[in-house]
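A closer look at the structure
For reference, the chains in residue letters:
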Amino acid sequence: MGEMSGENVQKGSLFSLQESARLAFFGACFGFSSSFASSHFHICPNEVTMTEQQVITWLLERDNFLLLTHVRPDGDTLGSASALCRSLNKAGKTAYLLRNPGVTRTFDGWLTLPWAPDGWEPEHVIAVDIATEKLFPDGEQQKYLGKTELCIDHHPSNEHYAQNLCLDPEAAAAGEVVYTICKGLGNLDEEMAKALYIAISTDCGCFVYSNTRPQSHRIAAELMELADMSAINKHFFQTKSSKELGLQSRLMNSLAFFEDGKVCIGTVTVADKAALNADESDCEELSSFAATIEGVLCAATIRELEPNQCKVSLRTTPSYANANHICNRMGGGGHPAASGATLPYPTTVEEARKIVYQAIFHIIKGEALASNP
Ligand SMILES: [Mn+2]
């Protein structure tokens, strides 16, 4: 699964001023301090922090909810929203998900996604697994910028754009937080259990990434009492398309290694995808592939989304290289072991390689100096 590590693949920015983009971008690349683009988005100064129990009370006092999911939606944002929607429906509430144009066929038949009907107007907007408004998909969701009443999240990098925030930065997935809410609403069932299992397992690489905590297993165990997860495990973790394997092979051939093999940077181009007739759903697991090579502690995968528009995914051993810090330098962010950034200025894949190299080495060398003065 694509962003199964819970990476927070920020869309870079939606600058209207190219020059401002250029300045901020080169600031990020070359080490000027950079509060990258956040001023262009809403920050809620009087944000209220909520526990799951307070969220339950808040939900029960209201009705007509619209659930938002993030751009390039992954198992966590979709599974969590799907489960929460069903739980709200079972509690007698009207709730829908806002249609997300980026849903890949990976999820076909695995999640119920009740999209809001055309023209339906919500009373309350809830963002699920969305760390920043920069991750709102283009299109209809843009009209909800600054309008999120509740954000349910697990990203330490959450940008506090919602009026109310229920954040557990220790959770492996937003699905763990949503689990507590659904359980509190008292209506967990087989379908919700499957959706929450998809949310949690995909964000922690089926319980092997470093974000996995004992509680992730406890929740998964409880969910497994309610549903058979074997088909989910087979589909999401033990199945690859031949196109996907072809892309992996091209990525493998593109890898450049540094620091005695501890750092690697690889690329997948638009031409690679075209040659294999592959689409985004074939790319979902690519970002975690390079990190599985023996000896690699910092793996960067550059994917050309469109010609000269590059997305970077980092998978690292945080004690060696903090992926969130590296991606912060490129206008993105996420978690210490898994982060992402979409370079906000058009770059060729080869230019992107240099930018990523510089960001990685700034952090590795800077942090090494900091710990060995
Ligand atoms: Mn997540």
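One can find the structure itself at the top, above this paragraph.
Below is a summary of the structure that appears in this document.

Cut-offs applied
- Residues numbered from 1 in each chain as written.
- Predicted model: local features only at pLDDT ≥ 70, side-chain atom pairs only at ≥ 80, totals over all residues.
- Helix = DSSP H or I, 4+ residues; strand = E, 2+ residues; numbered from the N terminus.
- Contact = placed C-beta atoms within 7 Å.
- Buried ≥ 20, exposed ≤ 12 C-beta atoms within 10 Å, placed from the backbone.
- Pairing = 2+ DSSP bridges.
- Axes fitted to C-alpha atoms, helices over the stretch in contact; angles between N-to-C directions.

Comments concerning the overall build of the protein
- A tally of regular secondary structure across the protein gives 12 helices and 13 strands.
- Taking all contacts inside the protein whose residues are at least 6 apart in sequence as the whole, residues at least 24 apart take part in 71%.

Observations regarding unusual backbone geometry
- One non-glycine residue, asparagine 64, adopts positive backbone phi at about 65°.
- The class for asparagine 64 is partly exposed, based on 14 C-beta atoms found within 10 Å.

Observations regarding the pairing of strand S11 (residues 309-316)
- The element S11 is largely enclosed, with a buried count of seven among its eight residues.
- Alignment of strand S10 (residues 298-306) against S11, held across eight bridges, turns out to be antiparallel. Residue glutamate 306 lies in a different strand from S11, and its bridge partner there is glutamine 309.
- Linking S10 back to S11 in an antiparallel pair, the connection comprises two residues, with asparagine 308 at a positive phi of about 65°.

A word on the pairing of strand S5 (residues 124-128)
- Note: strand S3 (residues 65-68) against S5, four bridges, orientation parallel. Residue pairing for S5: leucine 68 is matched across the bridge by alanine 127.
- The pairing of S5 with strand S6 (residues 150-153) spans three bridges and is parallel. The partner of isoleucine 126 across the bridge, within S6, is leucine 150.

Quick look at the environment of cysteine 182
- The topology assignment puts cysteine 182 in helix H4 (residues 174-185).
- Exposure remark for cysteine 182: the 27 C-beta atoms within 10 Å place this residue in the buried category.
- Measuring from C-alpha to C-alpha, the distance between cysteine 182 and cysteine 85 comes to 9.6 Å, with 97 residues separating the pair along the chain.
- Setting aside residues up to four positions removed in sequence, cysteine 182 forms contacts with Ala83, Leu84, Ser87, Asn187, Leu188 and Met192.

As for the sheet that holds S3
- The strand order across the open sheet built from six strands is S2-S7-S6-S5-S3-S4, with neighbouring strands paired in parallel fashion. Either end of the sheet is taken by a strand with one partner, and the two such strands are strand S2 (48-49) and strand S4 (95-97).
- Here helix H3 (residues 75-90) sits on the sheet in contact with S3, S4 and S5, set at roughly 165° to S4.
- Sheet contacts for H4: S5, S6 and strand S7 (164-167); angle to S6, the most-contacted strand, approximately 115°.

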